[in-house]
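Geometric and topological summary
As a plain string of letters, each chain reads:
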Amino acid sequence: GLPVAHEVQRILGKDGRAGWVDNRKYPIRNPDGEIVGLFGIARDITRSIEAEQSEHKVQRALRLLSNCNFAMARSDTETGLRREICRVVVESGGYRMAWIGSAEQDAAKTVRPLVCWGANDGYLAGIQVSWDADSPLGRGPTGEAIRSGLPQINQNYLGNPRMAPWREVALRHGYQSSIALPMRLPKVGT
């Protein structure tokens, strides 16, 4: 028969890893049809939930890539292309804010914000970013992405010691994590 209770619960395993359990309780009836007890079944559905979340992330990334390609096809200036890519990252990628910066060749190896989209609220005006490996301002995801040419992820402003120069401003603006993606935009227009 149908369960009298059904819920999916997030749990912590003995190893500290999060998991998911599908709990169902079925009635036990006496010959008169009255419920005299419950029979419970708990099924570990962690793998299926993780697969579903992973598939969602892949679909979001593919949608983001497709929309960025579309932005490149219809932009006729570099600034327009940069702004459109930031818009797509926020609106299709599900991020709160996106910005594109230029790795300057000055003595401080400054990363100069060029365009942004989303919930900036003065965040970029309140921070300094560098790509100089000898400076604390250059050891965050942005500086590392520029130096290495590889994506860099910060999953926790609060707990990541490399994020100390930007932590207070980021948390004040509601940012808890960030990702830095190195990019080389093609020249467009004239």
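Scope of this entry: the structure provided in the associated data block.

Criteria and thresholds
- Residues numbered from 1 in each chain as written.
- Predicted model: local features only at pLDDT ≥ 70, side-chain atom pairs only at ≥ 80, totals over all residues.
- Heavy atoms only, no water.
- Helix = DSSP H or I, 4+ residues; strand = E, 2+ residues; numbered from the N terminus.
- Buried < 20%, exposed > 50% of the residue type's maximum accessible area, 1.4 Å probe, protein only.
- Lys, Arg positive; Asp, Glu negative; His and termini not counted.
- Salt bridge = Lys/Arg side-chain N within 4 Å of Asp/Glu carboxyl O.
- Polar contact = N/O pair within 3.5 Å; in protein donor to acceptor, adjacent residues only side chain to side chain.
- Contact = heavy atoms within 4.5 Å.
- Pairing = 2+ DSSP bridges.
- Axes fitted to C-alpha atoms, helices over the stretch in contact; angles between N-to-C directions.
- Phe/Tyr/Trp six-rings, centres within 6.5 Å; stacked < 30°, edge-to-face > 60°.
- Lys NZ or Arg CZ within 6 Å of the ring centre and 35° of its normal.

The next thing to look at is the side chain of D132. Checked against the element boundaries, D132 lands in the loop between β5 (111-118) and α3 (141-148). Notably, D132 is buried but unbridged: the nearest opposite-charge side chain belongs to K109, and the N-O separation is 4.8 Å. Only 2.9 Å separates the side chain of D132 from the backbone nitrogen of D134, close enough to count as a polar contact. If near-sequence neighbours (up to four positions away) are discounted, D132 is found in contact with A108, K109, G138, R139 and R147.

A few words on the sheet that holds strand β2 (residues 18-29). With antiparallel pairing, three strands are arranged side by side in an open sheet as β1-β2-β3. Sheet topology places β1 (5-12) and β3 (35-44) at the edges, where each strand pairs with a single neighbour. Pairs of neighbouring strands in the sheet enclose a mean axial angle of 25 degrees, with direction left out of account. Direction of pairing for β2 relative to β3: antiparallel, over a ladder of nine bridges. Note on β3: the bridge partner recorded for K25 is G40.

Turning our eyes to something else, we now look at the packing of aromatic side chains. Counting across every chain of the model gives one aromatic pair. Both rings, one in Y123 and one in Y175, keep their centres 5.0 Å apart while their planes meet at 80 degrees; by these two values the pair is edge-to-face. Of this pair, Y123 sits in the loop between β5 and α3 while Y175 sits in the loop between α4 (167-172) and β7 (178-180); the two residues are 52 residues apart in sequence, bridging distant segments of the chain. A cation over a ring is seen here: K109 above W131, with NZ or CZ 4.9 Å from the ring centre.

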